[in-house]
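Observations on chain architecture
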Amino acid sequence: MWRICFLFSLLPLFAFEHNNNDLYSVRLNAARIDIDKVFLLVDKSDYRMYLYEDATLIKIYKVVFGNEDARDKYVQGDRRTPDGTFRILAKRYDNRWSRFLLLDYPNIESREKFQQRQARGLIQKGADIGGGIGIHGVEYASGIRDNYVEQRINWTLGCVSLKNGDVNELYDVVKVGTPVVIRP
C-alpha cells in the first residue's frame, strides 16, 4: 500500500512526460502489459481515468460519474462517486453496460469515513452507505451513448462510466485485485 501512495504522490511528474493526446487514442495490447503492475487513477475534477503500468502512464480514458458534485459519496442514493483507494473485486460481462468492474466499496476506509460523518451529525443515523459501485460502459438500451462521456454528461448512480469500447479494452488489462484510486 505504501508503494501505491508513494507513486500517487509523484503522479503530477509522470502525467506530463507524454503527449497526452496520443494517450487517448493508443491501442493497448494486453499481451504486452504486466497486469500485476497495473493501477488506475480516477480524477473526478478532470473527468479522466489514468491507466498506469508501474510508474508509466500508458493510457488516458474519458469518464463520467453520477452527478457534477465531485465531493465524496456520503450515502446510498446521493449519486456521488466515492473517493479513496479501492480494489477491483469482480469482473463480468454485462448486458446493460458491456463490462462491469465491481469495486470493493464500501471498504474499511469508506466505512470509517461514514461512521465519522454520522458521529458528527453529517449523516443521519440509520442511513445506508450504499454499495455496488463499479466501472462500466454506457447503457445503450436506455439511450445513453458514448457522446455522454465525450460531453461530460453525468448519468450513473455513483459509478465511473466509460465508452463501451474503452471499458472493453480496459477489461482485458486489469484483474481482480487491481488498485483503483478515486480522487476529487
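Report on the accompanying structure. (Residues numbered from 1 in each chain as written. Predicted model: local features only at pLDDT ≥ 70, side-chain atom pairs only at ≥ 80, totals over all residues. Heavy atoms only, no water.)

Scanning the protein from N- to C-terminus turns up five helices and eight strands. When its helices and strands are written in sequence order, the protein yields α-α-β-β-β-β-β-α-β-α-β-α-β. Counted over contacts in the protein with a minimum sequence separation of 6, partners at least 24 positions apart contribute 67%. Carbon and sulfur atoms form 50% of the exposed surface of the protein, whose accessible area is close to 9,400 Å². (Helix = DSSP H or I, 4+ residues; strand = E, 2+ residues; numbered from the N terminus. Contact = heavy atoms within 4.5 Å. Areas by Shrake-Rupley, 256 points an atom, 1.4 Å probe, with all protein chains shown as cover.)

Once that is clear, we can look at the pairing of strand E8 (residues 179-183). With respect to burial, E8 is a largely interior element, four of its five residues being buried. Note that strand E1 (residues 38-43) and E8 share four bridges and pair parallel. Within E8, the residue paired with leucine 40 across the bridge is valine 180. Taken together, the four bridges between strand E4 (residues 84-94) and E8 define a ladder with antiparallel strand orientation. Along E8, the bridge assignment pairs arginine 87 with proline 179. (Buried < 20%, exposed > 50% of the residue type's maximum accessible area, 1.4 Å probe, protein only. Pairing = 2+ DSSP bridges.)

Using the criterion set out here, one finds five aromatic pairs in the structure. Ring plane angle 5° and centroid distance 5.1 Å describe the contact between phenylalanine 39 and tyrosine 52, whose orientation is recorded as stacked. Of this pair, phenylalanine 39 sits in strand E1 while tyrosine 52 sits in strand E2 (residues 48-53), and the two are 13 residues apart along the sequence. As far as the burial class goes, phenylalanine 39 and tyrosine 52 line up, both buried. Judged by centre distance (5.5 Å) and plane angle (35°), the ring pair of tryptophan 97 and phenylalanine 100 falls under tilted. For the pair formed by tryptophan 97 and phenylalanine 100, the shared burial category is buried. Above the ring of tyrosine 74, the side-chain terminus of arginine 80 is found at 4.9 Å from the ring centroid. Against the face of tyrosine 171 rests lysine 91, its NZ or CZ located 4.3 Å from the ring centre. (Phe/Tyr/Trp six-rings, centres within 6.5 Å; stacked < 30°, edge-to-face > 60°. Lys NZ or Arg CZ within 6 Å of the ring centre and 35° of its normal.)

Let us look at the environment of alanine 31. As for its placement among the helices and strands, alanine 31 is situated in the loop between helix H2 (22-25) and E1. Put simply, alanine 31 and aspartate 172 are 141 residues apart on the chain and 9.2 Å apart in space, counted from C-alpha to C-alpha.

Here the largest pocket defines a volume of roughly 310 Å³. Along the wall of the largest pocket there are 19 residues; nearest its centre are Gly131, Gly132, Leu157, Gly158 and Cys159. The residue inventory of the lining of the largest pocket, partitioned by class, reads seven nonpolar, eight polar and four charged. (1 Å grid on protein atoms, 1.4 Å probe; cavity = no way out; pocket = protein on both sides within 12 Å on 5 of 7 lines; lining within 4 Å. Points joined across faces, edges and corners; volume = space filled by probe spheres on them. Nonpolar A, V, L, I, M, F, W, Y, C, P; charged D, E, K, R; others polar.)

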